[in-house]
Every structure is written in structure tokens, then in C-alpha cells.
Amino acid sequence: MSQPATLFRLPLRTKWMATKSSIKKEPMTEYIVSSLLTDFLKDASLCLLFLNNLQKIGIYSTKDGRKLETEYEIEMVIDKRNALRKEAFREILSGESEMMIDDGLSSGIVEMKSSETIVNFSLKDSHGQTHPIYHRRVSKPLSKQDNIQSRVFCTLPLPVKTDLPVHINGHFALEHESRRNLWDREDDSRTTWNKLLCTDVIAPSYVKALEQVKFAWFRTKHEDETSTEAAAKIVEFFALFPSIPKTESSFWSPLVEAFYQEVINGRQALFPVTRADTPGVIWTSIVKEKSFAGYFRRPPEYSSPVLPYYSQNDTEKRVSDGKLLELLKRLNMKIVQAPLHVFTALKNYGADKIQEATLSAVLPFLKSCTATASDTCQLKNLPQPLADLGLDGEDVLTLVTFVQKSADFPNNIFGLPLCLLQSGILDVFSVERKAFVTTFCDLFPMLSEEFLHCSLLDISLILTKHHVFQSSTFSI
């Protein structure tokens, strides 16, 4: 303890003091003290997370009453820039608190200025272990690899555990007797305060914390990072999303719902899309104006709740085949493969806004090839040779096989960029593009651009049945 510190001397109860005490007759023994300190060590690192001024916690012992020997120390390691951020935020909070006191609570709180900061630091202990921490002033994401039960804080850790994948800190109203549990009594203003903290402060802070995690983990691609490692990082990122509480009466249910509502309506690009043929991650949101947002692939183990608003499109054809999935991604369709707990929560809290990767979604996306927006289908400037588009005949056949399952396919064919000609040229089905449809598609090699490719002849039966070939576009 060479540096300045605050020492607390606790007059522990001796045998003589115990005989005189009116409170407790049991003396404080070395064994009891050792047990208390051992228990304290379990939470020592947590105590540093949200305190404003304390930066080191140490436990020391002495044999001769003079020299202190270090039993354990853990210290916050923070650079000057982050320390200044932390101090500036503390001053903002202090100023807001003083304004509330000066105005008087009886006048009511009209509006408080919203403030936030992000502080990066690590915790280093005397055993040589370093614990990197990503720290927001309200929540701290945990990785599954941390193997730590998430806790609730009111500056210091409370013996309150949650099923959330983050630590939660807030100025909660606590039970007045032990002050170790959150106040959660019905029809009480303190309960209302706690719930408002969860829904109006912690939930949006939770979302912003994930945005910062995304930035920290994915802003640069490491050259030596394998695709397996990148995929594992995405799994860990999704693990930071909360699950629906097991019981509706859970204290944290409003927080989880508010989190997902913020994600859905706030339009944050928090959903990763990866492609097998391209390194890196593309990020998309759930809702976009005048553009294509993310489409979610339904997890195989998902089962729809028996509710009216789930039944409308529950039997629709979905993108499930792996080859089709990767092909659509290559064409710029943002298909998100979210884990079950995230997909279930999104459907539960925003069923009317969550777009799944279905046949009815694929059709308009493919037809967007003539649009100029960045999120549209990348089959641009047709007609073009397949090779120049990075496709082959099997790719086109895969798309045609899927879209022709539409009950209204004959009426939807025009505008689809799937008109593959015998010459290997891909074009858009339109009234301007005339093509011969015949089993003798290779009869005139010099005129191969005038014939529909032989691999697409199966769709001719569908089109003939619905008299599409009677238009000026096709000739038999």
C-alpha cells in the first residue's frame, strides 16, 4: 500500500467486549474474519464496476503487526482519456441531482437532460490475471465464456440475480429493511420508479451498449481470423440479446419487451449477415424506409404460438435450403440467421414488423434489380452473360424452382431477372423480351439468344396452362 489510500479501522468484538455487549455475545474470531473476507473476494471485482472513485480493493494481513502482506488486490486499469470521460459523466450526474434538489421535488420533474458515456477499462489482480471489461454506465455485457451469473447493482452489487446476459446498474428503490432486494410491491410509487428505470433508461442503454460491442468486435477484420472464429464471434454477439423471461410475472419482463421494441422501432443495424463467398459482416436493421431491411430465416426448432396473427402466413414457402440461402445473399438479400431465443422474442414483441425470408419476400426483392438503391437485387444492367454476373445455369434454375412455387407465379413472372437464354445471357422477363420456347432450343446455335434456355422448359407447362405463351413475349 505504497500509494495514498483510505483505510478503515473496524473495532472488532473481542472476548472481553462480547461479555459486555448488549447486542451480540459472540466474539469475532480469526476464522470468522477469514470467512467474511473469502466471501468478499467473490464480489471484489464487481464492486469496482460502477463506483465513481474507488479504483483498487485489497486484502492484507500482518504477522508482526507492522508489515502488511498482500493477500489479494484487484485494481481498475484505466487510461487518462477514459478516466476523464468517467469524471465528466459523474459531474453531469451530480449537476442534475443538485438541480432536482434546488427545484424541489414538490414542483415535479419536467425534463432531465439525457447523458451517456462509454468507458473502457480492465481489472488486473495480484495473481497476474487481467479481466477486460466493456463498461457502460448502466449495463455491462457478459460473454458466455465469462461463466458469471448476471447481477443487479445499485452502485454496489446486490444479491439479486437475473436471467439477463448483462449486469444491470441503476438507482433502484430497495427494500427498506435489508436494502438487499429491489422494491417490488404492487401499487407503489417505488415499484413504478424501478420499472420506469428498466423500460425508459436501462432498455435504450442496453441497445446502445450492443451497438458499441458491435463496433468494438467487428469494426476491423483480422487477417488471421478464420471463418469459424468469425462465426463464433457472431454467436457470442447474439448471446448478448435477452431471452423472453420464463414467467410473464418476472420483474424483468417489461425491460426485455422494451429492449426489443427499441431494437425494432429504433432501426438500429444490429443484425449480422454473412456470406460464404465473402469475408466480413454486413449489418442490417428490421425496418427501413424505401429500401429492403433484414429478412429472418426461421430456425428449424421454432414453433409458432397458437395466436391469430401468426396463422396468416404460417404455411408460406420459406427459404430453408442452404444453397438457395447463400445464393440470395450473394444477390444482396439481407437474410439474418438469428438464434432461436432472438427470433422467438422478435416474433413475440413485433410479429407484424418482422419479415421472414419467404417466397412472397423473394419475389419483390428479385424484381428490384431495376432499382438503384443499395439494398436492391444486384442483377443489374441486364441483359448480361451469366459469367459476368458470377452465376451459372444451376443458380438460375435454383431460383426458378423456388419462385415457381408461388400460386400466382404466372402473373408474377414479368419483372423477374430469370430469363435465361440458350446463349447464356440472363435478362428480365418482360413484354419487350421475345423468346422462343421449344425443346429444340439448341437447333440454331447462331440464334441462341432468341431461345429460352433448355433448363427452363419445365416452367413452360405452367405458363402454357395459364395462357402466358399467348402473349407477344413467348412463341412456341
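I will try to describe carefully the structure that is included in this document. (Residues numbered from 1 in each chain as written. Predicted model: local features only at pLDDT ≥ 70, side-chain atom pairs only at ≥ 80, totals over all residues. Heavy atoms only, no water.)

So, on to a nonpolar patch on the surface. Together, F440, L443, F444, M446 and L447 make up a nonpolar patch on the protein surface, roughly 610 Å² of accessible area in all. Mapped onto the elements of the fold, M446 is located in the loop between strand 16 (435–436) and helix 13 (458–465). Looking at M446, the relative accessible area reads 80%, which means it is exposed. (Patch = residues over 30% accessible without salt bridge, like charges linked within 9 Å, V, L, I, M, F, W, Y side chains within 5 Å. Areas by Shrake-Rupley, 256 points an atom, 1.4 Å probe, with all protein chains shown as cover. Salt bridge = Lys/Arg side-chain N within 4 Å of Asp/Glu carboxyl O. Helix = DSSP H or I, 4+ residues; strand = E, 2+ residues; numbered from the N terminus. Buried < 20%, exposed > 50% of the residue type's maximum accessible area, 1.4 Å probe, protein only.)

What follows concerns the pattern of salt bridges. Per the stated rule, a full pass over the model turns up 13 salt bridges. Put simply, K42 and D39 hold a salt bridge, and the shortest N to O gap is 3.8 Å. Taken as a pair, K42 and D39 lie in helix 2 (residues 30–47) at a separation of three residues, close to a single helical turn. Judged by relative accessible area, K42 falls into the exposed class, the value being 61%. Taking the relative accessible area as the measure of exposure, D39 reaches 45% and is therefore partly exposed. Here R185 makes a salt bridge to E175, at a shortest N to O gap of 3.0 Å. In this pair, R185 is assigned in the loop between strand 8 (166–169) and helix 4 (189–218) and E175 in the loop between strand 8 and helix 4, connecting sequence segments 10 residues apart. Among the residues examined, R185 registers a relative accessible area of 39% and is labelled partly exposed. Here the salt bridges do not stand alone but share partners, grouping R298, R318, K347 and E356 into one network.

For F40, the location among the structural elements is in helix 2. When the C-alpha positions of F40 and I59 are compared, they lie 9.7 Å apart, and in sequence the two are 19 residues distant. Contact partners of F40, with chain neighbours within four places excluded, come to C47, I57 and I59. (Contact = heavy atoms within 4.5 Å.)

Look at helix 7 (residues 322–330) against helix 11 (residues 393–403): their axes get within 10 Å of each other, and the N-to-C directions meet at 105 degrees. With respect to helix 11, the axis of helix 7 lies roughly perpendicular. Where helix 7 abuts helix 11, its residues K323, L324, L327, L328 and R330 lie against E394, D395, T398, L399 and F402. Its residues assigned to classes, the contact of helix 7 with helix 11 shows five nonpolar, one polar and four charged. (Axes fitted to C-alpha atoms, helices over the stretch in contact; angles between N-to-C directions. Parallel < 35°, antiparallel > 145°, perpendicular 65-115°, else oblique. Nonpolar A, V, L, I, M, F, W, Y, C, P; charged D, E, K, R; others polar.)

Within this structure, the stated rule accounts for 18 aromatic pairs. With centroids separated by 5.3 Å and ring planes inclined at 75 degrees, the aromatic side chains of F237 and W283 adopt a geometry described as edge-to-face. With F237 in helix 5 (residues 227–238) and W283 in strand 10 (residues 278–284), the pair connects residues that are 46 residues apart, well separated along the chain. When its relative accessible area of 0% is taken as the criterion, F237 is described as buried. Residue classification places W283 among the buried positions, given a relative accessible area of 19%. (Phe/Tyr/Trp six-rings, centres within 6.5 Å; stacked < 30°, edge-to-face > 60°.)

Attention shifts here to the sheet that holds strand 15 (residues 425–427). Strand order in the open sheet formed by three strands is 13-15-14, with antiparallel pairing between adjacent strands. Of all strands in the sheet, those with a lone pairing partner are strand 13 (384–385) and strand 14 (419–420), marking the two edges. (Pairing = 2+ DSSP bridges.)

Among all positions in helix 11, only D395, V396, T398, L399, V400, F402 and V403 are buried. Where helix 11 begins, the side chain of D392 points an oxygen toward the backbone nitrogen of E394, at a separation of 3.1 Å. (Polar contact = N/O pair within 3.5 Å; in protein donor to acceptor, adjacent residues only side chain to side chain.)

A few words on the environment of L331. By secondary structure assignment, the location of L331 is in the loop between helix 7 and strand 12 (335–336). Between the alpha carbons of L331 and C369 there is a distance of 9.4 Å; along the sequence they are 38 residues apart. In contact with L331, other than residues within four places in its own chain, are F365, L366, T376, C377, Q378, L379, L391 and L399.

Here the amide bond leading from L382 into P383 is cis, since omega sits at 10 degrees, within 30 degrees of zero. Its place among the elements puts P383 in the loop between helix 9 (359–367) and strand 13. Of note in the backbone geometry, T155 takes a positive phi value of approximately 75 degrees without being a glycine. In the Ramachandran plot, N332 falls in the positive-phi region, its phi being about 90 degrees despite a non-glycine side chain.

Alternating positions in strand 8 separate into two faces, V166 and I168 on one and H167 and N169 on the other, with burial throughout. Sheet analysis places strand 6 (residues 151–154) next to strand 8, joined by two bridges and oriented parallel. The residue of strand 8 that forms the bridge with V152 is I168.

Next up on the list: the packing of helix 6 (residues 253–266) against helix 8 (residues 340–350). Close contact between helix 6 and helix 8 brings their axes to 10 Å; oriented N to C, the two are set at 85 degrees. Taken together, helix 6 and helix 8 sit at an angle that is classed as roughly perpendicular. Residues S253, V256, E257, Y260, Q261 and I264 of helix 6 touch helix 8, and the partners they reach there are H341, V342, A345, L346, Y349 and G350. Among the residues forming the contact of helix 6 with helix 8, the class breakdown is seven nonpolar, four polar and one charged.

Turning to the environment of V207, a few remarks are in order. Counting through the fold element by element, V207 comes out in helix 4. For the pair V207 and E262, spaced 55 residues apart in sequence, the C-alpha separation works out to 7.3 Å. Those residues in contact with V207, other than ones at most four positions away along the chain, are F259, E262, V263, Q268 and L270.

This is a description of form; function is not addressed.
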